[in-house]
Amino acid sequence: MRWWRAPTLIIFSLHVAFCKQPTSIEDLVNVVELQGKLIAKGLNDISQGIGHKCEVPESTTTGNLDIQHELLNLKREVLQVKQQLLACQANEVEKPDSKPVIFNAYTSKRLSCHNCIIGYENTHVDSHSAMNLHTGEFISPKSGHYFFQFHALVESGSEAQVELMVNDKDILCIYDRDIGSGNRRYAMIGQSMIHRLELGDIVKVRLHSGTLKGGGEATFTSFLGMLVAAAENDNEML
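Just so you know, these numbers come straight off a predicted model, no measurement behind them.

## A short note on the overall build of the protein
Alright, step 1. Scanning the protein from terminus to terminus reveals 3 helices and 12 strands.
Alright, step 2. The contacts in the protein between residues at least 6 apart in sequence include a share of 73% that link residues at least 24 apart.
Alright, step 3. Approximately 13800 Å² of the protein is accessible, and the part contributed by carbon and sulfur atoms is 53%.

As structure tokens, this is what we get:
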């Protein structure tokens, strides 16, 4: 093995030794880059020194070309090791849950009650399994600002009052009543909001009074939400 190959082997040994220690990789990258430059400079000086001699034996000329070739390879290998170390660091650092929070629950059942929480039959999507269909409760899996929207069809001959609640507190109200015709019509009602939630907060929809129409195969009642601005940690106030 030629002596000028030793620095390359040392660099790769450092790569193997430190790859499992992401806290030291940034310093290691800097050391490898610096040492690589010093080694390359030393080899380049040797190469230049040999090249400036007036009478150079053929064997020395061949050695000079070999050194220049190895110098180029060494520069490439230093760059490759640096890239590998940075990739190793990126893979080892624990990444936060970047999965978007989104749900859309719905039901086609008729509902007529007083002060009851609206439940649902199924979901189109529930990214974090945060929606309890039976209780109608969405439990926040992350802190941040959420967008919520509720829609339903009021039964003919009935009025309806619906409330969006956070932790059992009324936040938003929906009300429908047709005084002139005695509610002899169907009315699509809806409301939306953006609200700050902490981890574990509960959002639900309550039918305060009235009747929501069922549709058989048609679906009129839906409740959806999504996280639009996440907090970096559970204690951060946006």
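On we go from here.
## Examining the side chain of S140
Alright, step 1. With respect to the secondary-structure elements, S140 resides in the loop between β6 (137-139) and β7 (144-154).
Alright, step 2. Residue S140 is classed as buried on the basis of its relative accessible area, which comes to 2%.
Alright, step 3. Of the polar contacts made by the side chain of S140, one reaches the side chain of Y146; its length is 3.2 Å.
Alright, step 4. Setting aside residues no more than four positions away along its own chain, S140 makes contact with Y146, L197, E198, L199, G200 and D201.

## Focus on the confidence of the model for the protein
Alright, step 1. Here the protein averages 78 in pLDDT, and 61% of its residues register 70 or above.
Alright, step 2. Below pLDDT 50 for its whole length, residues 16-22 participates in 8 contacts with residues either more than four positions away or in separate chains.

## Thoughts on the packing of aromatic side chains
Alright, step 1. In the structure shown here, the tally under the stated rule is 8 aromatic pairs.
Alright, step 2. For the pair F103 and F138, a centre-to-centre distance of 4.5 Å together with 20° between the ring planes defines the contact as stacked. With F103 in strand β1 (residues 102-107) and F138 in strand β6, this residue pair connects regions lying 35 residues apart in the sequence. Like F138, F103 is buried.
Alright, step 3. Judged by centre distance (6.0 Å) and plane angle (25°), the ring pair of F148 and F223 falls under stacked.

## Quick notes on the state of the cysteines
Alright, step 1. Here the structure, examined in full by the defined rule, presents 1 disulfide.
Alright, step 2. Between the sulfur of C113 and that of C116 lies a disulfide, 1.5 Å long from S to S.
Alright, step 3. By relative accessible area, C116 is classed as buried at 17%.

## So, a nonpolar patch on the surface
Alright, step 1. A contiguous nonpolar patch, built from I102, V125, I194, M226 and V228 and spanning about 380 Å² of accessible area, is present on the exposed surface.
Alright, step 2. Tracing the chain through its elements places I194 in strand β10 (residues 187-197).
Alright, step 3. Exposure remark for I194: the relative accessible area of 57% places this residue in the exposed category.

## Let's talk about the pattern of salt bridges
Alright, step 1. For the structure on display, the rule yields 8 salt bridges.
Alright, step 2. Residues K204 and E137 are paired through a salt bridge, measuring 3.6 Å at the closest nitrogen-oxygen approach. Here K204, found in strand β11 (residues 202-212), pairs with E137, found in strand β6; they are 67 residues apart in sequence, far enough to count as distant.
Alright, step 3. Given the relative accessible area of 9%, K204 is considered buried.
Alright, step 4. The partner of D176 in a salt bridge is R185, and the shortest N-O contact between them spans 2.6 Å. Pair check on accessibility: D176 and R185 agree, each one buried.
Alright, step 5. What you see here is one network of salt bridges that share partners, running through E137, D168 and K204.

## Quick look at the nonpolar core
Alright, step 1. Core analysis: the biggest nonpolar cluster contains 29 residues, and Y120, F138, F148, F150, V205, L212 and F223 have the highest contact counts within it.
Alright, step 2. Where this core is concerned, the elements lending two or more residues are β1, β7, β8 (160-166), β10, β11 and β12 (221-230).
Alright, step 3. Element by element, the count of residues in this core is highest for β7, at 5 residues.
Alright, step 4. For F148, the contacting residues outside a window of four places in its chain are F103, F138, L164, Q191, S192, M193, L197, V203, F223, L224 and G225.

## Some details on the environment of S129
Alright, step 1. For S129, the location among the structural elements is in the loop between β4 (122-126) and β5 (131-132).
Alright, step 2. Note: C-alpha distance between S129 and V101 (28 residues apart in sequence) is 9.6 Å.

## A few points about the side chain of R196
Alright, step 1. Secondary-structure assignment places R196 in strand β10.
Alright, step 2. Owing to a relative accessible area of 16%, R196 belongs among the buried residues under this scheme.
Alright, step 3. Separated by 3.1 Å, the side chains of R196 and E198 make a polar contact.

Parameters at a glance
- Residues numbered from 1 in each chain as written.
- Predicted model: local features only at pLDDT ≥ 70, side-chain atom pairs only at ≥ 80, totals over all residues.
- Heavy atoms only, no water.
- Helix = DSSP H or I, 4+ residues; strand = E, 2+ residues; numbered from the N terminus.
- Contact = heavy atoms within 4.5 Å.
- Areas by Shrake-Rupley, 256 points an atom, 1.4 Å probe, with all protein chains shown as cover.
- Buried < 20%, exposed > 50% of the residue type's maximum accessible area, 1.4 Å probe, protein only.
- Polar contact = N/O pair within 3.5 Å; in protein donor to acceptor, adjacent residues only side chain to side chain.
- pLDDT = per-residue confidence, 0-100.
- Phe/Tyr/Trp six-rings, centres within 6.5 Å; stacked < 30°, edge-to-face > 60°.
- Disulfide = S-S within 2.5 Å.
- Patch = residues over 30% accessible without salt bridge, like charges linked within 9 Å, V, L, I, M, F, W, Y side chains within 5 Å.
- Salt bridge = Lys/Arg side-chain N within 4 Å of Asp/Glu carboxyl O.
- Core = buried A, V, L, I, M, F, W, Y, C linked by side-chain atoms within 4.5 Å.

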